[in-house]
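# Reading the structure
The primary structure of each chain is shown beneath.
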Amino acid sequence: MNAQELFSKNGFSVHVWYCLSCGIVSKEKEVAENCCKRSNCRYCGEPVEEQHWLAHQACIEKNKIEKAEKLGTWDGWVVYEDKYYTSVDELIEDLEDNKDSIPEYVFICKKKPFPAINIEHLIESIEENSYEGIIDSLVGLDALTEAVNAFNENNKDLVSYLPDKTKMVCLKDYATKEGASISHWIRKNYHGYKPIS
Ligand SMILES: [Zn+2]
Ligand SMILES: [Zn+2]
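A short tour of the structure in this document, coming up.

### Brief notes about the nonpolar core
Most often, soluble globular proteins keep nonpolar side chains buried together rather than apart. Counting residues in hydrophobic clusters, the biggest one holds 13 residues, and the most contacted among them are Val 78, Val 106, Val 169 and Leu 171. Listing elements by their share of this core, those giving two or more residues are α3 (88-97), β7 (105-112) and β8 (160-170). Considering every element that reaches this core, the biggest residue donor is β7, with four residues. Other than its neighbours up to four places away in sequence, Val 78 contacts Tyr 85, Val 88, Leu 91, Val 106, Phe 107, Ile 108, Cys 109 and Val 169.

### Topic: the sheet that holds strand β3 (residues 25-26)
Strand order in this open sheet of three strands is β1-β2-β3, and the pairing throughout is antiparallel. Pairing within the sheet leaves two strands with one partner each, and these edge strands are β1 (3-7) and β3. Relative to strand β2 (residues 13-19), β1 runs antiparallel, the two sharing four bridges. For Glu 5, the partnering residue across the bridge sits in β2 and is Trp 17.

The rules we used
Residues numbered from 1 in each chain as written. Chains lettered and ligands numbered in written order. Predicted model: local features only at pLDDT ≥ 70, side-chain atom pairs only at ≥ 80, totals over all residues. Core = buried A, V, L, I, M, F, W, Y, C linked by C-beta atoms within 7 Å. Buried ≥ 20, exposed ≤ 12 C-beta atoms within 10 Å, placed from the backbone. Helix = DSSP H or I, 4+ residues; strand = E, 2+ residues; numbered from the N terminus. Contact = placed C-beta atoms within 7 Å. Pairing = 2+ DSSP bridges.

So this is what it looks like as structure tokens:
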């Protein structure tokens, strides 16, 4: 019993429960009841030490690696150990310069377009925060629209790259020296956890 029901001053239940261990509240008794209960990892079945986690972080990462679509070739950005590279070649070069071994697979990156300013949203926010019909009295709206459009156009090439954890590119051709395999790489990086069956 880890959940405590909350009551108003005059003794009525407010239909809210809170976890006696950490104080998180929930409308459902069961959620509060199980809030701080140690879970067994949904992947390896071993107890999870971290509060409120349903799986080991390493197991979550390992599962992503196993589930990811494996691409034979890729000509865009890649990410490896929190570092971003414009291409596979650039990554290999960096690894070789540092005398690091080459992993068999790395996550690719997805492109995120420039977060252009949305003129309609700007006008909506003016309308929402003022009197009705203000739009007809705004001065310089056309000039602003034109400036925003030009700004968006001039900056459209400023794209960002984010890890795409659903796809990996195979570096096998480069990894022959090591004779590495993905299971070898997973063991090396995530030792201590049982493989997912
Ligand atoms: Zn709790
Ligand atoms: Zn686990």
